[in-house]
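Okay, here's what each chain looks like letter by letter:
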Amino acid sequence: MEQHMISAMVKRAHEIFIIFFLAVFSKAIATKPYSITSSAPAADSVSNDCLSWRLAVEANNVRGWLTVPAQCLGYIEAYMIGGQYEQDVKYIVEQIESYVTGLIVGNDGMDAWILDVDDTCLSNLFYYKGKKYGCEPYDPSGFKAWAMRGGCPAIPAVLGLFTKLVESRFKVFLVTGRDEETLAPATIANLHSQGFIGYGRLIFRNQTFKVKSAVVFKSEIRKQLMEQGYRIWGNVGDQWTDLQGEYLGNRTFKLPNPMYCVP
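Note that this is a predicted model, so its numbers are computed, not measured.

**Student:** Pulling in residues and values, what's your account of the sheet that holds strand E1 (residues 111–115)?
**Tutor:** Strand-to-strand pairing in sheets goes through backbone hydrogen bonds, with the strands running parallel or antiparallel. Taken in spatial order, the five strands of this open sheet run E3-E2-E1-E4-E5, and their pairing is parallel. Strands with a single pairing partner mark the edges of an open sheet, and in this sheet they are strand E3 (201–205) and strand E5 (252–254). Each neighbouring strand pair of the sheet contributes to a mean axis angle of 20°, computed without reference to strand direction. Of the pairings in the sheet, the one linking strand E2 (residues 171–179) to E3 comprises four bridges and is parallel in character. Its bridge partner being in E3, Leu-174 is matched across the sheet by Leu-202. The strands that helix H9 (residues 214–227) touches are E1, E2, E3 and strand E4 (231–237); relative to E2, the one it contacts most, it runs at about 150°.

Right, here's the structure in full:
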C-alpha cells in the first residue's frame with residue numbers, strides 16, 4: 001500500500017514537471033516576435049532597405065523625393081546596369097504588347113497611343129551615371145547640355161513597342177517635358193537617329209506651359225487630342241506625373257525609374 005502511494009506521488013510529480021515545462025516553453029515562444037527572416041549581415045540589411053525604398057517609389061508611396069538615398073548608390077547602380085532594370089522594362093512591354101494584340105484598330109486614323117520621351121523612349125542612364133544614379137540633386141543646366149548633344153540611346157524594348165504600334169496603324173504621340181525652344185532640334189534628330197520614325201506628332205513643353213506642372217501640361221495635351229477625336233488606348237511613361245491627372249486614356253503603363261522624380 002505504501003509503495004503504491006509513493007509510486008502515485010512520483011507519477012504525479014512527473015506530470016506536474018511536464019506541465020510546468022510546457023507552460024514555460026509556450027510562453028517563451030509566444031513572446032518572441034514572429035519573423036520569416038533570419039538575422040542578416042549589415043550589407044544585406046542596407047540592400048534590403050534600398051529594395052524597399054525602390055518598390056515604395058515605384059508604387060508611388062514615396063512622393064516628391066529629391067535624390068536617391070546616399071546609402072543606396074551601390075544598389076541603384078547594380079539595379080540599373082546589372083540586368084534587372086532591362087528585364088523589368090522588357091516584362092512590362094510584353095504586357096503592353098499583349099494588350100495591344102487584343103485591340104481593334106479603326107479605319108479613321110484616330111486610334112492613338114501616348115509615349116513619354118526621357119527614360120521611356122530614350123535612355124539618360126549615361127548622364128545619370130555621372131550624377132551617381134540620382135544621388136546628386138537635379139542639375140537643369142547639366143541635363144540641358146546633355147540633351148542638346150542628342151546622344152541618348154533608345155530603350156530597346158520600347159523602340160520595339162513603338163515600331164509595333166506604328167505598324168499596327170496606331171497614331172503615336174510622343175509627349176515630352178523638354179523645352180521646345182531650346183531642345184526641339186536636338187531631340188528630333190536624336191529620336192530619328194535611334195529609329196523613332198513614323199510617329200504622329202512630337203509635342204514639347206512650350207511657353208504656355210513653362211511654369212505649369214508636368215501633370216497639368218500632359219493632362220492638357222491629352223485633352224486637346226481627345227477633343228480632336230483621338231481615342232487614347234494607352235499611355236506609357238517612367239514618371240507617375242506622366243500618368244496622372246485627367247484624360248488618361250484607356251490604360252496607363254508605368255516603366256521603372258528609381259533615379260529621379262519629376263514633380
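**Student:** Just give me the short version of the environment of Glu-77, but keep the residues and values in it.
**Tutor:** The topology assignment puts Glu-77 in helix H3 (residues 73–81). We classify Glu-77 as partly exposed; its relative accessible area is 30%. Taking C-alpha positions, Glu-77 is 8.1 Å from Lys-132, a pair spaced 55 residues apart along the chain. Filtering out sequence-adjacent residues up to four positions away, Glu-77 remains in contact with Gly-82 and Tyr-133.

**Student:** So what's going on with the pairing of E3? Which residues, and what values?
**Tutor:** Within E3, four of the five residues are buried, which leaves the element mostly enclosed by the surrounding structure. Note on the crossover from E2 through helix H8 (residues 180–193) to E3: the handedness is right-handed.

**Student:** Residues and numbers for the packing of aromatic side chains, please.
**Tutor:** This model, assessed by the stated rule, comprises 14 aromatic pairs. On the basis of an interplanar angle of 75° and a centroid distance of 4.9 Å, the ring pair of Phe-173 and Tyr-230 is categorised as edge-to-face. In this pair, Phe-173 is assigned in strand E2 and Tyr-230 in the loop between H9 and E4, connecting sequence segments 57 residues apart. With relative accessibility at 1%, the residue Phe-173 sits in the buried group. Exposure remark for Tyr-230: the relative accessible area of 13% places this residue in the buried category. Aromatic ring contacts, followed pair by pair, group Tyr-127, Tyr-128, Tyr-138, Phe-143, Trp-146 and Tyr-260 into a single cluster. A cation over a ring is seen here: Arg-54 above Tyr-79, with NZ or CZ 4.0 Å from the ring centre. Its end group placed over the ring of Tyr-99, Arg-251 keeps NZ or CZ at 5.1 Å from the ring centre.

**Student:** Before we move on, could you go through the state of the cysteines and cite the residues and values that matter?
**Tutor:** Tallying each qualifying case throughout the model produces one disulfide. One disulfide bridge connects Cys-50 with Cys-72, the sulfur atoms lying 2.1 Å from each other. Of note, the bridge from Cys-50 to Cys-72 carries an S-S torsion of about -90° and is left-handed in sense. Here Cys-72 lies in the loop between helix H2 (42–58) and H3 and Cys-50 lies in helix H2, a separation of 22 residues in the sequence. Judged by its relative accessible area of 1%, Cys-50 falls in the buried class. Left unpaired, Cys-135 is separated from the closest cysteine sulfur, that of Cys-72, by 7.4 Å.

**Student:** Now, about H3: what can you tell me, with residues and values included?
**Tutor:** Taken together, the buried positions of H3 are occupied by Tyr-75, Ile-76, Tyr-79 and Met-80. Within H3, the buried residues cover an arc of 125° as seen down the axis, which keeps them to one side. Just past H3, the residue Gly-83 takes up positive phi, approximately 110°.

**Student:** How would you sum up the side chain of Asn-235? Please name residues and give values.
**Tutor:** Along the chain, the position of Asn-235 falls in strand E4. Under the relative-accessibility criterion, Asn-235 is labelled buried at 2%. Of the polar contacts made by the side chain of Asn-235, one reaches the backbone oxygen of Asp-242; its length is 3.2 Å. Filtering out sequence-adjacent residues up to four positions away, Asn-235 remains in contact with Trp-113, Ile-114, Arg-222, Asp-242, Leu-243, Leu-248, Arg-251, Thr-252 and Phe-253.

Here is what the cut-offs are and how they apply
- Residues numbered from 1 in each chain as written.
- Predicted model: local features only at pLDDT ≥ 70, side-chain atom pairs only at ≥ 80, totals over all residues.
- Heavy atoms only, no water.
- Pairing = 2+ DSSP bridges.
- Helix = DSSP H or I, 4+ residues; strand = E, 2+ residues; numbered from the N terminus.
- Axes fitted to C-alpha atoms, helices over the stretch in contact; angles between N-to-C directions.
- Contact = heavy atoms within 4.5 Å.
- Buried < 20%, exposed > 50% of the residue type's maximum accessible area, 1.4 Å probe, protein only.
- Right-handed = clockwise from strand over helix to strand, strands pointing away.
- Phe/Tyr/Trp six-rings, centres within 6.5 Å; stacked < 30°, edge-to-face > 60°.
- Lys NZ or Arg CZ within 6 Å of the ring centre and 35° of its normal.
- Disulfide = S-S within 2.5 Å.
- Arc of directions from axis to C-beta.
- Polar contact = N/O pair within 3.5 Å; in protein donor to acceptor, adjacent residues only side chain to side chain.

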